[in-house]
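Examining the three-dimensional arrangement
Chain by chain, the residues:
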Amino acid sequence: EILTLAEARGRRARAVEVVLSLERFANEERLMNHLQMAAEHLGYKEGGCSIVLRLEQAGQSVSLELGGDRRIYPSDEVLAELRRIFSEGIVEVVYP
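Here goes a summary of the coordinates provided. Keep in mind that what you see is a predicted model, and the values were worked out from it rather than measured. (Residues numbered from 1 in each chain as written. Predicted model: local features only at pLDDT ≥ 70, side-chain atom pairs only at ≥ 80, totals over all residues. Heavy atoms only, no water.)

1. Here's the deal with the overall build of the chain
When you go through the chain residue by residue, the secondary structure sums to 3 helices and 5 strands. Scanning the chain from its N terminus toward the C terminus, one meets helices and strands in the order α-β-α-β-β-β-α-β. A total of 96 residues make up the chain; the buried ones form 33% of that total. For the chain, long-range pairs separated by at least 24 residues make up 71% of all intrachain contacts whose partners lie at least 6 apart in sequence. Roughly 6100 Å² of accessible area belongs to the chain as shown, and the carbon and sulfur atoms make up 49% of that amount. (Helix = DSSP H or I, 4+ residues; strand = E, 2+ residues; numbered from the N terminus. Buried < 20%, exposed > 50% of the residue type's maximum accessible area, 1.4 Å probe, protein only. Contact = heavy atoms within 4.5 Å. Areas by Shrake-Rupley, 256 points an atom, 1.4 Å probe, with all protein chains shown as cover.)

Here you go:
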């Protein structure tokens, strides 16, 4: 079976991880605004990937997986929208 890159990514990806440096966000309110914007624009449509936020500060990090019903299909459009919303961060597709 021959798959497009998008189809293969959708079948094999485990998560979409958004890596954010807390130093780049002026305050918690700004971070929360970005998260709210992502929720509104993406709508957390059905999909196979969880969404993981990795927050980094001063060489330390913590990863937070959003709730089980907050899953997405990692299409090109969804990844582009996440990259637009979190332009200060890195959006990565995580494979097993």
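2. Topic: the pairing of strand S3 (residues 60-65)
Sheet topology note: the strand S2 (residues 49-57)/S3 ladder contains 6 bridges and is antiparallel. Residue Val52 lies in a different strand from S3, and its bridge partner there is Glu65. Remark: 2 residues form the turn of the hairpin made by S2 and S3, two consecutive strands paired antiparallel; Ala58 in that turn has positive phi of roughly 50 degrees. (Pairing = 2+ DSSP bridges.)

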